[in-house]
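In case you want the letters, here they are:
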Amino acid sequence: MSEPAMMTGAQMLVECLKQEGVDLIFGYPGGAVLPIYDVLYDAGIEHVLTRHEQGAIHAAQGYARATGRVGVVLATSGPGATNLVTGITDAYMDSTPLVVLTGQVPTTMIGRDAFQEADVIGITMPITKHNYQVRNAADIPRIVREAFHIASTGRPGPVLIDIPKDVSTQTAPYVRQDSVSIRGYNPTTEPHPMGIERLAEAISRAKKPVLYVGGGIILAEASEYLVTFARQARIPVVSTLMGLGSFPQDDELFLGMLGMHGTYAANKAVFECDLLIACGVRFDDRVTGKLERFSPKSKKAHIDIDPAEIGKNVAVDIPIVGDVGRALQALIEKAPVPDSANWLQTVRQWVKDYPLEYKSEEGVLKPQQVIDLIQEATQGKAIVTTEVGQHQMWAAHFYKPAAPRSFITSGGLGTMGFGFPAAMGAQLARPNETVICIAGDASFQMNIQELQTVAERNIPVKVMIINNYYLGMVRQWQELFYEKRYSESAIGQPDFVKVAEAFGVKGMRATTPEEAKEAIQIALAHPGPVLVDFSVAEEENVFPMVPPGAGNDEMVGGRWED
Amino acid sequence: MRHTLSVLVNDQPGVLARIAGLFSRRGFNIESLTVGSSEEPGLSRMTITTTGDEATLEQVMKQLHKLVDVIKVQDITSDPMVARELLLVKVASNAQTRTEINGIIEPFRASVVDVGRTSLIIQVTGDRDKNDALIELLKPYGVKEIARTGITALVRGQVVRMK
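What counts, and at which threshold
Residues numbered from 1 in each chain as written. Chains lettered and ligands numbered in written order. Predicted model: local features only at pLDDT ≥ 70, side-chain atom pairs only at ≥ 80, totals over all residues. Heavy atoms only, no water. Phe/Tyr/Trp six-rings, centres within 6.5 Å; stacked < 30°, edge-to-face > 60°. Helix = DSSP H or I, 4+ residues; strand = E, 2+ residues; numbered from the N terminus. Buried < 20%, exposed > 50% of the residue type's maximum accessible area, 1.4 Å probe, protein only. Salt bridge = Lys/Arg side-chain N within 4 Å of Asp/Glu carboxyl O. Core = buried A, V, L, I, M, F, W, Y, C linked by side-chain atoms within 4.5 Å. Expected span 1.5 Å × (residues − 1). Arc of directions from axis to C-beta. Contact = heavy atoms within 4.5 Å.

Draft legend 1. Looking closely at the packing of aromatic side chains. All names here are of chain A. Summed over the entire model, instances satisfying the criterion amount to 13 aromatic pairs over all chains. With 5.2 Å between their ring centres and 90 degrees between their planes, Tyr 212 and Phe 283 make a pair best called edge-to-face. Residue Tyr 212 is located in strand S9 (residues 209–213), and its partner Phe 283 is located in the loop between strand S12 (275–279) and helix H13 (285–288); the two are separated by 71 residues in the primary sequence. Plain terms: the ring middles of Trp 477 and Phe 481 are 5.5 Å apart, the flat faces sit at 80 degrees to each other, and that makes the pair edge-to-face. Here Phe 481 and Trp 477 lie together in helix H21 (residues 472–481), a separation of four residues that amounts to about one turn. For Trp 477, a relative accessible area of 22% corresponds to the partly exposed category. Given a relative accessible area of 32%, Phe 481 falls into the partly exposed group.

Draft legend 2. Here's a closer look at the pattern of salt bridges. Within this structure, the stated rule accounts for 40 salt bridges over all chains. For Glu190(A), the salt bridge goes to Arg326(A), with nearest N and O atoms at 2.3 Å. A residue pair is termed long-range when its members are at least 10 positions apart, and Glu190(A) in the loop between strand S8 (171–173) and helix H9 (193–205) and Arg326(A) in helix H14 (residues 324–334) qualify at 136 residues. For Glu190(A), a relative accessible area of 49% translates into the label partly exposed. By relative accessible area, Arg326(A) is classed as partly exposed at 35%. A salt bridge links Glu309(A) to Lys312(A), with the nearest nitrogen and oxygen atoms 3.1 Å apart. Looking at Lys312(A), the relative accessible area reads 25%, which means it is partly exposed. In the salt-bridge network here, residues are joined through shared partners; they are Arg155(A), Asp306(A), Glu309(A), Lys312(A) and Lys66(B).

Draft legend 3. Spotlight on the nonpolar core. In terms of nonpolar packing, the biggest core is built from 90 residues, with Leu199(A), Leu211(A), Tyr212(A), Phe229(A), Phe294(A) and Phe534(A) touching the most fellow members. Counting 50 residues, the second largest nonpolar core, distinct from the first, contains Phe26(A), Val73(A), Ala91(A) and Ile121(A).

Draft legend 4. Structural view of helix H15 (residues 341–353) of chain A. Residue and element names in this part refer to chain A. For H15, with 13 residues, the first-to-last C-alpha span of 18 Å sits near the 18 Å given by 1.5 Å per residue. Listed in full, the buried residues belonging to H15 are Trp 343, Leu 344, Val 347 and Trp 350. Buried residues of H15 fall within an arc of 120 degrees about the axis and therefore sit on the same side. Across H15 from its buried face, at more than 90 degrees, point the exposed residues Ala 341, Asn 342, Gln 345 and Lys 352. Buried positions along H15 lie against S9, strand S11 (254–257) and helix H12 (264–272).

As structure tokens, this is what we get:
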């Protein structure tokens, strides 16, 4: 056998990334990662230079969410790494597969408060699935292989590798690592037949079953199985925010999103059902509302690949640990059929009687209307990312993604500033698709500097700012729960059209429904990036709403209140 | 309720921080935690005593198991086990009380490991209750300092097999 080639740590790292099939990474250089950037200079891996590390990691998230592949981000030590913290947390909360590479001061300086030193391992321990600090260059192939494996299998998540500068320059024999074996990491993918059997029986006996589906369906690529199973068993489906796109929204079985801003039909069905089948969800408080009032009449089944999610927030009668796609396949084979004809009729009536709606006003552009127009223009076939706030909920209500991985939003952490860079990442991952970022005027300002990145690389994302001149959701809460005392929620803003133009991006403004319709057409037809500033009614609220701390049966702000 | 967990972990820097961090972040209580090398090179055994109801315990175990550096988690509370802690207690004493204290500690199989002019250090191993009882008996003399290791434990008899 020939001697293994000698390489520097940086060379090994890049070699390992190539081995993992990485052809695109997002990042920002700095002192501690210069050896890595030097190797990247002619390595044949595309690197997207963002204008802030937060932009880089959200872009990597967008890339991962749009494709299912592992997103990769590279930042320097200290401030570079700490600027990633929000994105890492966001990826952790929403189970997004990422490998995060950070530079570190040389091993001899660690612990001495050196220039640009931060304890990134300590900082990111609670927000990563796992993290590593490389102490010897020779360990890089094993660590990178493990990191990609851990990030992408089981319940996906972010894995961080911290690389001291001297490890990047240290030379060692490079031994390619193909297999991976981690003793403490063996996710259970195959659901236990007993659990499937019990669930199939419960379904056969059920009169009012509901499927409650979430982001896990999308992560597991299980959308087709979900659709087949729901139709076969004739069980109505409610979705979380993260699950949108996993089930066709025009299907008669679909009742909409549940939870704080869920539809009447979805929340009512979950409240009244006798069997709740939770698939790839985590019973988040924005979904359950007050726990004592969450689906009080039902027997509960929970399918999840992460055993720790089962029973974490809500007691479960039928726990099934495993891949949700495999579990649904097994259920399809068992083909249980509940006696639910009456129930289907009831829930369909709720859908009919209590639709999501808004009042149009002559000459006034309603925020919901903008989303409606986007839906109309794209037929749900675009990839939509959102920022966080009212516009996010309106997008969830009125945009109907035609496929999984086409509604990308920050669910768990609710990160303002997520949507625009995520749109960049999604667009780079899927260059032939239309990618639209539905933004709020405040959220967009949080990573507005990435306009430069999209302009420079001509990344043709369409930013649609639903501009109500407020931190809209904050204002809504202040209106409803703080006696309209709008403390610091009226946010000032630049002239977005001029800002766009200053960065070299096409900018437009629309203030009426007619202008909005036209602007959307122009934006979608334009080959490059576009920003449209939609000036909408300021004090519009997201309804229905379950007030914080209330039960999901205690919704406010809808037709049923009149 | 108090639970005793036996946790087998990779012997690596930062593992203790991962485990302690998990407990604090999720609001779980650590009553005591001991760690030392195990029968297998590269692995350490932690004995963690924690309090909480059954649901909390289940979450503690599941969350611990999610850590990549955790190889095995066992709740050995209701297993027949040997659980011991080491207690050192410095108690005030003089020529008059020294013999008396000796008489008290003898049934506990404790021993005097240091004698000063005005104090003694007593060493004892045993389960927590026994050690508590000894401290109670020594209190009237004036307990100056206490150091306890926390429980370390193994299940009796059966060989614990690892994956």
